[in-house]
Amino acid sequence: MNSTRPKPPFNKNKTPLLELKTPVQYVKGVGPTLGEALAKHGVKTVRDLIEVFPRTYEDRRSGIKIRDLKLDQLVSMKAQLIKVQSIPLGRTHRRIYDITLQDSSGVIHCKFFRVPYKGYFERFKPFQDIRVVGKVIDYRGRLEFHHPDLRDIDPEEELQDEVIPVYVEMEGISSFKWQKLIRFALSLLMKNPENLKFDTLPVSVREKAGLIGYFDAIQAIHYPAKDKYTEYVESRSPSHQRLIFEEFFLLEAFLYSKKLRLQKENSPIYQSDGKLKAHVIASLPFQLTRGQLNAVVDIENDFLSGHPMHRLIQGDVGCGKTLVAFLAAVMMKENSYQSCIMVPTEILADQHYKNAINYLSGHGISIALLTGKTKLSERRELFENLAAGQVDLLIGTHAVLEDDVVFKNLSLVVIDEQHRFGVNQRAKLKAKGPSPHFLVMTATPIPRTLSMTVFGDLDVTVIKELPPGRMPIQTRAIFQNKQGPALDFLKQQIQKGRQGYIVFPLVEESEKIDLKNATEEFDRLKQMFPDLRWALLHGKMKPVEKEEIMVAFKDKKFDVLVSTTVIEVGVDVPNANIMMIEHAERFGLSQLHQLRGRVGRGEHKSFCILIMGYAVNEESRERVSFMEKSTDGFEIAEFDLKIRGPGEFLGTKQSGLVSFKIADLIKDQDILFEARKYAADVVNKDPGLEKSENIFIKQHLLEKKNADIG
Ligand code: ADP
Ligand code: MG
């Protein structure tokens, strides 16, 4: 009768009938205010809510006392709060919070180096009973908790099971509140048998992979069995296995379908006798490396396939990716097709343009440059030439995305330093041609697990070798007390006519404790070495200013460039041979590797000096020292991924793809490889996902596709 029931979904008796897609506000006890708070954290539907997974599990059976605590122990215990102290840190605005707890056996301190949320500390009163959940650590010979969960004792909460899930606490939503909300929603969901049919993983996959069903997994993850505590706390329970697998499986199914779909598109027909390409290669002042040749072969095969290329070229800084892109453009020219290379900065565009003129214009290839600086009068002419097909290769910044830029037959789109662009920018450029070939280039070596997830829809070519004759960069990691001799060394090199960089992690002191401030340090260095010519570059400057300084540096108008990490990617200053990095321990290794790649581009022996602060721990010291041992970007990236996690490798715009709810790219690699195989198999056998057992996958992919414009 009432089959077209409107939302919110109440039945006649006004008891809510929850579905997975019901907005979370309709869960009893949520309402608009909490609903908004939840939405801020990505929880919009009932399904989102039940997929808020516990951060860990808590075993309350031990009844442990402070005196018995052991190093590295993960505990949940009751204690009495004695006092909250806030201790200012040096001259900064920052404070440490120190909370003293006691029980009948002793005293322990909890330290907080940041405030979890506004009002967090104000809520505590002396002598209140409290539950503390955290890991016991050793701080200067004393056992402490750092950033534990501190919870008011909730009599209701204390009554419950002995092994409980712990959720990430946030403003207004305590772990226990999460637990109650989730369990309540789950109980209502399970009353409706229709809901229980839901499972994104097809039965066939589940059976073969030995995985439990969706609701079984969800149920158990929120209601852990107490005799399975260890399994749960180590994320190895059957529920974890299943949910981690699912998360990878859906991502891989998405990427694989996208890849298949792209493979079905037709691209402009490519035919060639390869003469022009051969002429260009023969006229180069050097030989292509094997890696460059392989890349060219991969690209040519893509062109010949009849379908648009979707290729990522990964290769260390200086391996010569630009030339590979040029040769791809040359191949397009053989069929009178146009190409466009987009780069993130004007200085890079200029650099590429000059090189292209140098290598290609003698072969009848017409090249144009378009940046924010291109004058209006020149633009008009350029646009006409582009539309008439008189420009073969357009090199430019994001200015090439403007609507006025219209090609006659754009067939190759190249994005250099791809992490600097967003998906929509890439899509916009692609849309300027009918299914153009697509080539993206990156100098950030990305470990395989990551590239499989982030670039799973792209084919990958890796250029391993650097052009011959490059002198290896000598790298040293030193402590701050050796900075003086290092600066003297820098001065010596400059007196020999070289140039150098000094890089700092941040511009403003207020952001980090006792970090040298690039500006302050710049003034100090200038005073120390008044006969050297110094320039300063930092993130707060306007792009035009930054460019001017880079260009002046390239033209040898300065000896030393002091900068934050904004030194332009890909810029070639062959005369610079020293890279000095302050507080090297604050950088990711891949970033250090990128920075190091700024030198060693010319004929002079180059040096990289990594300066570590006094306060570095053993782990950071080892990490930084790894740079002395390795110059292989991939090896460095793998090492860094293990230690620092995936955020390091990706621009913020891409990090979304690797923010998993429960899966962990590093710990769960095996499951990733497994899930990927199954995903490809399912999509291959049923590309349209028409089979009934694949219906939930199809739904998921449709939702995802709407959110993904790329
Ligand atoms: P990246 O891969 O970092 O973008 P570039 O394309 O900027 O590297 O190349 C770095 C430098 O190496 C450029 O000056 C380029 O002319 C030069 N180069 C490229 N290929 C070769 C080669 N095969 N032999 C020698 N030098 C090369
Ligand atoms: Mg480059």
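Please read these numbers as outputs of a predicted model, since none were measured by experiment.

Mapped onto the elements, Phe248 comes out in helix H8 (residues 238-264). Separated by 425 residues in the primary sequence, Phe248 and Phe673 have C-alpha atoms spaced 8.8 Å apart. Sequence-distant contacts of Phe248, defined by excluding residues within four places in its chain, comprise Phe660, Ala663, Asp664, Leu665, Asp668, Ile671, Leu672 and Ala675.

Attention shifts here to the sheet that holds strand S10 (residues 338-342). If you trace the seven strands from one edge of the open sheet to the other, you get S11-S12-S10-S13-S14-S9-S15, paired in parallel fashion. Edge strands, defined here as strands with exactly one partner in the open sheet, are strand S11 (367-370) and strand S15 (459-463). Ignoring strand direction, the axes of neighbouring strands in this sheet form an average angle of 20°. Where S10 lies against strand S12 (residues 393-396), four bridges are found, and the strand directions are parallel. Residue pairing across strands places Met342 opposite Gly396, the latter belonging to S12. The strands touched by helix H11 (residues 321-334) are strand S9 (310-315), S10, S12, strand S13 (410-415), strand S14 (437-442) and S15; relative to S14, the strand with the most contacts, the crossing angle is about 170°. Seen against the sheet, helix H13 (residues 376-387) touches S10, S11 and S12 and runs at an angle of roughly 135° to S11.

A few words now on helix H14 (residues 423-430). In an α-helix, one turn spans 3.6 residues; hence positions three or four apart end up facing the same way. The set of residues buried in H14 consists of Arg426, Leu429 and Lys430. Looking straight down H14, one finds that the buried residues subtend no more than 100° of arc, so they occupy a single side.

Reading across from one edge, S16-S21-S20-S17-S19-S18 is the order of the six strands in this open sheet, with parallel pairing throughout. Across the chains shown, the open sheet's two edge strands, defined by having one partner strand only, are strand S16 (474-479) and strand S18 (534-537). Put simply, the sheet's adjacent strands are angled 15° from each other on average, direction ignored. Two strands pair when backbone bridges link them, and S18 and strand S19 (residues 560-563) are joined in this way by four bridges, in the parallel orientation. Its bridge partner being in S19, Leu536 is matched across the sheet by Val562. Seen against the sheet, helix H18 (residues 543-554) touches strand S17 (499-503), S18, S19 and strand S20 (576-581) and runs at an angle of roughly 145° to S18.

This brings us to the nonpolar core. Grouped together as the largest cluster of nonpolar side chains are 91 residues, with contacts concentrated most on Ile50, Trp178, Phe245, Phe248, Phe249 and Leu394. Broken down by element, the residue count for this core peaks at eleven residues, all from H8. Both domains that furnish three or more residues to this core are identified here as domain 1 (199-264 + 668-710) and domain 2 (275-463). By size, the runner-up hydrophobic cluster in this structure holds 39 residues, among which are Ile313, Val330, Val343 and Ile365.

As a further point, take the state of the cysteines. Inspection of the entire model under this criterion finds zero disulfides. Free of any disulfide, Cys608 has its nearest cysteine sulfur in Cys319, 19 Å distant. Relative accessible area serves as the criterion here: at 1%, Cys608 is assigned to the buried category.

Domain parsing of the chain yields domain 1 (199-264 + 668-710), domain 2 (275-463) and domain 3 (473-630). Centre-to-centre, using C-alpha coordinates, domain 1 lies 36 Å away from domain 2. Taken together, the 14 residues of domain 1 in the interface contact 14 residues of domain 2. The contact between domain 1 and domain 2 buries some 1,300 Å² in all, and 65% of this surface belongs to carbon and sulfur atoms. The interface formed by domain 1 and domain 2 includes one salt bridge. A salt bridge links Lys259 to Asp459; the shortest N-O distance between them is 3.3 Å. For the pair domain 1 and domain 2, the interface holds two residue pairs in polar contact (both at pLDDT 80 or more). Within the residue set of the side of domain 1 that touches domain 2, elements represented by two or more residues are H8 and helix H23 (669-685). In terms of residue count, the dominant contributor to the side of domain 1 that touches domain 2 is H8 (eight residues). Looking at the side of domain 1 that touches domain 2 residue by residue, the classes come out as six nonpolar, three polar and five charged.

Their axes nearest at 9 Å, the elements helix H6 (residues 214-222) and H8 cross at an angle of 120°. Here H6 lies oblique to H8, going by the angle between them. Where H6 crosses over H8, the two elements pack in a sense that is left-handed. Together, Tyr214, Asp216, Ala217, Ile218, Ala220 and Ile221 of H6 and Ser239, His240, Arg242, Leu243 and Glu246 of H8 make up the contact between the two elements. Of the residues in the contact of H6 with H8, the class split is six nonpolar, two polar and three charged.

Here is what the cut-offs are and how they apply
Residues numbered from 1 in each chain as written. Chains lettered and ligands numbered in written order. Predicted model: local features only at pLDDT ≥ 70, side-chain atom pairs only at ≥ 80, totals over all residues. Heavy atoms only, no water. Helix = DSSP H or I, 4+ residues; strand = E, 2+ residues; numbered from the N terminus. Contact = heavy atoms within 4.5 Å. Pairing = 2+ DSSP bridges. Axes fitted to C-alpha atoms, helices over the stretch in contact; angles between N-to-C directions. Buried < 20%, exposed > 50% of the residue type's maximum accessible area, 1.4 Å probe, protein only. Arc of directions from axis to C-beta. Core = buried A, V, L, I, M, F, W, Y, C linked by side-chain atoms within 4.5 Å. Domains from an automatic or database assignment. Disulfide = S-S within 2.5 Å. Buried area = accessible area lost by both parts, 1.4 Å probe. Salt bridge = Lys/Arg side-chain N within 4 Å of Asp/Glu carboxyl O. Polar contact = N/O pair within 3.5 Å; in protein donor to acceptor, adjacent residues only side chain to side chain. Nonpolar A, V, L, I, M, F, W, Y, C, P; charged D, E, K, R; others polar. Parallel < 35°, antiparallel > 145°, perpendicular 65-115°, else oblique. Left-handed = near helix turned anticlockwise from the far one by under 90°.

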